[in-house]
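These are the residues of each chain, in order.
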Amino acid sequence: MIRDVLRMGDPRLLRRAQPVTAFGTPALAALIADMRDTMAHLSGAGLAAPQIGVDLRVVIFGGGPSPRYPDAAAVPDTVLINPVLTRLSDDEEGGWEGCLSVPGLRGWVPRWRSLRYTGFDAAGAPIDRVAEGFHARVVQHECDHLDGVLYPMRVRDFSRFGFTEVLFPGSLPAGDD
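These figures come from a predicted structure and were not determined experimentally.

### A few points about the pattern of salt bridges
Per the counting criterion, the structure on display carries 14 salt bridges. Here arginine 3 and aspartate 34 are joined by a salt bridge, their closest N and O atoms 2.9 Å apart. Of this pair, arginine 3 sits in the segment before helix 1 (26-41) while aspartate 34 sits in helix 1, and the two are 31 residues apart along the sequence. A salt bridge links aspartate 128 to arginine 116; its shortest N-O distance comes to 2.5 Å. On the criterion of sequence distance, the pair formed by aspartate 128 in strand 7 (residues 126-132) and arginine 116 in strand 6 (residues 114-120) is long-range, its members being 12 residues apart. Among the residues examined, arginine 116 registers a relative accessible area of 36% and is labelled partly exposed. One network of salt bridges, with partners in common, ties together Glu97, Arg111, Arg137, Asp144 and Arg154.

Printed below as a string of structure tokens:
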């Protein structure tokens, strides 16, 4: 089922989400199915449960090329629950980001260039991966939602933040959510 995506300004987007304590449940499976439907419907590259008003530490991302980000590197189709991110170096990389909760806007956001992420899949099996570049950016962006952080909070130079159609007339920059 396609769910409504909360927009910036909704206080539910600013909360720290709660850990998932039960894996492999019908309720968790239904949540993930709804998140996938919603993300696909909006051509997103990722979605966090808080974006659809569910206060749980669940994100999904990847799953093939997105029409919104045709030049982005492939990101593995992932359900990540109760994630922990660890940067692998101090190297940062800037990139344009957008967000389904901040429609019509883009900003230049610095992110860790490489990281390790751990957590669990929907059945409770452990996930432990290293990510770089766009993959790392997507993971950081989605996991920020679990801590009540929206990408505009990470923008350092507001001359590189604005409406997509003004910043990039006739084209859409690579981003993530």
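Now, onward.
### Structural notes on helix 1
The first and last C-alpha atoms of helix 1 sit 22 Å apart over 16 residues, in line with the 22 Å expected at 1.5 Å per residue. Residues of helix 1 that are buried include every one of Leu28, Leu31, Ile32, Asp34, Met35, Thr38 and Met39, and no others. All buried residues of helix 1 fall inside an arc of 160° around its axis, so they share one side. For helix 1, exposure combined with an orientation more than 90 degrees from the buried face picks out Pro26, Ala40 and His41.

### So, the pairing of strand 4 (residues 92-99)
The pairing of strand 4 with strand 5 (residues 102-112) spans 7 bridges and is antiparallel. Residue glutamate 92 lies in a different strand from strand 5, and its bridge partner there is tryptophan 112. Between strand 4 and strand 5, which pair antiparallel in sequence order, lie 2 residues.

### Let's talk about the sheet that holds strand 7
Across the sheet, which stays open at both edges, the 5 strands sit in the order 1-2-3-6-7 with antiparallel pairing between neighbours. If you trace the sheet from one side to the other, it starts and ends with strand 1 (46-48) and strand 7, each paired once. Within this sheet the neighbouring strands show an average axis-to-axis angle of 40°, counted without direction. When strand 6 meets strand 7, the two strands line up antiparallel, connected through 7 bridges.

Cut-offs and rules
Residues numbered from 1 in each chain as written. Predicted model: local features only at pLDDT ≥ 70, side-chain atom pairs only at ≥ 80, totals over all residues. Heavy atoms only, no water. Salt bridge = Lys/Arg side-chain N within 4 Å of Asp/Glu carboxyl O. Helix = DSSP H or I, 4+ residues; strand = E, 2+ residues; numbered from the N terminus. Buried < 20%, exposed > 50% of the residue type's maximum accessible area, 1.4 Å probe, protein only. Expected span 1.5 Å × (residues − 1). Arc of directions from axis to C-beta. Pairing = 2+ DSSP bridges. Axes fitted to C-alpha atoms, helices over the stretch in contact; angles between N-to-C directions.

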